[in-house]
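Chain by chain, the residues:
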Amino acid sequence: MNKRDLLLGFLIGLATTLLGSYIFITFFTDFKFIAGIQILKTQGSLGKIITLGSIMTLIAFGLFLKLNKEMMARGVLLAVIVLAILTLFI
């Protein structure tokens, strides 16, 4: 059960980051999502978009802590750490 909760939290962390990036690209830029990712990657701004998108994970992290789902909150935190390392290499 613990590993499943950790994995589920990790996947939720990735999904909320993807959702946050989607919202940022569609609302605050003139690009569509896929085209925006390609253009921002060529401009070298993709890491910044991923970082801004990970702000949405704060909501998931706080919600899991409030619901006493510590392992899921750890999974969300693990997703943020993995995305931070990934952002260094993009």
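It should be emphasised that the depicted structure is a prediction, and the values quoted were computed from it without experimental measurement.

Looking at helix 1 (residues 2-28)
And step 1. The end-to-end C-alpha distance of helix 1 is 38 Å, a good match for the 39 Å that 27 residues give at a rise of 1.5 Å each.
And step 2. All of the buried residues in helix 1 are Asp 5, Gly 9, Phe 10, Gly 13, Thr 16, Thr 17, Gly 20, Ser 21 and Ile 25.

Notes on the packing of helix 1 against helix 4 (residues 57-66)
Any two packed helices are characterised by the angle at which their axes cross and by the distance between the axes.
And step 1. Where helix 1 meets helix 4, the axes come as close as 8 Å, and the angle between the chain directions of the two elements is 145°. Counting all contacts with helix 1, which are made through Ile 12, Gly 13, Thr 16 and Thr 17, the residues of helix 4 involved are Thr 57, Ala 60 and Phe 64.
And step 2. Taken together, the residues that form the contact of helix 1 with helix 4 break down as 3 nonpolar, 4 polar and no charged.

Some words on the nonpolar core
And step 1. Counting residues in hydrophobic clusters, the biggest one holds 5 residues: Ala 60, Phe 64, Met 72, Ala 73 and Val 76.
And step 2. Only helix 4 and helix 5 (70-89) provide two or more residues apiece to this core.
And step 3. Among all residues touching Met 72, those that are not within four sequence positions of it are Asp 5, Leu 8, Gly 9 and Phe 64.

The rules behind each value
Within every chain, residues take consecutive numbers counted from 1 along the sequence as written. Given that this is a predicted model, residues contribute local features only at a pLDDT of at least 70 and side-chain atom pairs are listed and counted only at 80 or more, while totals for whole chains, interfaces and linings are drawn from all residues. The side-chain values count all of the structure's non-hydrogen atoms but skip hydrogen atoms and water molecules. In this description a helix means any DSSP run of H or I spanning at least four residues, a strand means any run of E spanning at least two, and both kinds are numbered starting from the N terminus. Here the expected span of a helix is defined as 1.5 Å times the quantity of residues minus one. The classification of residues rests on relative accessible area computed with a 1.4 Å probe and restricted to protein chains. Under 20% of the type maximum is buried, over 50% is exposed, and intermediate values are partly exposed. To obtain an axis, a line is fitted to C-alpha atoms, over the contacting stretch when the element is a helix, and the angle between two such axes runs from 0 to 180 degrees between their N-to-C directions. Between two residues, a contact is recorded if the distance between any of their heavy atoms is within 4.5 Å. Residue polarity follows a fixed list, in which Ala, Val, Leu, Ile, Met, Phe, Trp, Tyr, Cys and Pro are nonpolar, Asp, Glu, Lys and Arg are charged, and the others, Gly among them, are polar. Remark: nonpolar core denotes a set of buried residues (Ala, Val, Leu, Ile, Met, Phe, Trp, Tyr, Cys) joined through side-chain atoms within 4.5 Å.

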